[in-house]
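Next come the chains, spelled out residue by residue.
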Amino acid sequence: MDRDDRDDPFGDFFEEIERMMNEMAGGDAPSADDAGFGSDTHVDAYTTEESVRLVADLPAVSKDDLSLRCDGDALTISAVTGRREYDETVELPVPVDEHSADATFNNGVLEVSFDRDDDSASIDLV
């Protein structure tokens, strides 16, 4: 039986439930559009005068699955699980010293802290 969804305020809701049920049943495999963590993750950035701290929720990922890379301007979070490969790049709010990184992972929550990179230098006037 076909439903008429033109005026159905719950149409998107039912489509999402159907998508999740298909995924749980092993139906549709993730597409190439799902290269990142997507809706599975949430990343918050906190800055102070001295540091930058990122907190990321990574459900269904274990510590052994994770790989982190930073170039001073962006942090790339990668994970390979039995089901998927994730690769998410997060632009940092300010430049950081990538060699100062300190990371912890506990119960699906990743925390990464960096010292801010002080590129500015004072200029002596002659």
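As the structure is a prediction and not an experimental result, all values here were calculated from the model.

Draft legend 1. Inspection of the overall build of the protein chain at higher detail. Within the protein chain one finds one helix and seven strands. Counted from the first residue to the last, the protein chain has its helices and strands arranged as α-β-β-β-β-β-β-β. Carbon and sulfur atoms provide 47% of the accessible area of the protein chain, an area that totals close to 9500 Å².

Draft legend 2. Summary view of the nonpolar core. With 18 residues, the main nonpolar core has Leu-58, Val-61, Leu-66, Leu-75, Ile-77 and Leu-110 as its most contacted residues. Every element with two or more residues in this core is listed here: strand E2 (51-57), strand E4 (74-80), strand E5 (85-91), strand E6 (96-106) and strand E7 (109-116). Once you skip the residues sitting within four places of it in the chain, Leu-66 turns out to touch Leu-58, Val-61, Ile-77, Ser-78, Ala-79, Phe-105 and Leu-110.

Draft legend 3. Structural context of the environment of Ala-101. Tracing the backbone through its elements, the reader meets Ala-101 in strand E6. Sequence-wise, Ala-101 and Arg-53 are 48 residues apart; in three dimensions their C-alpha atoms are separated by 9.6 Å. Leave out the neighbours within four places in its chain, and Ala-101 touches Ser-113 and Phe-114.

Draft legend 4. Quick peek at the pairing of strand E1 (residues 42-47). In terms of strand pairing, E1 meets E2 through six bridges, oriented antiparallel. In the strand pairing of E2, Tyr-46 is matched with Arg-53. The loop that links E1 with its antiparallel partner E2 comprises three residues.

Draft legend 5. Seen up close, a nonpolar patch on the surface. A contiguous nonpolar patch, built from Phe-13, Phe-14, Ile-17, Met-20, Met-21 and Met-24 and spanning about 610 Å² of accessible area, is present on the exposed surface. Classification of Met-21 by relative accessible area gives partly exposed; the value is 49%.

Draft legend 6. Summary view of the confidence of the model for the protein chain. The pLDDT averaged across the protein chain works out to 79; a share of 74% of its residues lies at or above 70. In the predicted structure, residues 28-35 sits below a pLDDT of 50 and forms six contacts with residues beyond four places in sequence or in another chain.

Draft legend 7. The arrangement of unusual backbone geometry in detail. Unusually for a residue other than glycine, Ala-60 sits at a positive phi of about 65°. Locating Ala-60 in the fold gives a position in the loop between E2 and strand E3 (66-70). Exposure remark for Ala-60: the relative accessible area of 74% places this residue in the exposed category. Residues other than glycine seldom take positive phi values, yet Asn-107 does so here, at roughly 55°.

Cut-offs applied
Residues numbered from 1 in each chain as written. Predicted model: local features only at pLDDT ≥ 70, side-chain atom pairs only at ≥ 80, totals over all residues. Heavy atoms only, no water. Helix = DSSP H or I, 4+ residues; strand = E, 2+ residues; numbered from the N terminus. Areas by Shrake-Rupley, 256 points an atom, 1.4 Å probe, with all protein chains shown as cover. Core = buried A, V, L, I, M, F, W, Y, C linked by side-chain atoms within 4.5 Å. Buried < 20%, exposed > 50% of the residue type's maximum accessible area, 1.4 Å probe, protein only. Contact = heavy atoms within 4.5 Å. Pairing = 2+ DSSP bridges. Patch = residues over 30% accessible without salt bridge, like charges linked within 9 Å, V, L, I, M, F, W, Y side chains within 5 Å. Salt bridge = Lys/Arg side-chain N within 4 Å of Asp/Glu carboxyl O. pLDDT = per-residue confidence, 0-100.

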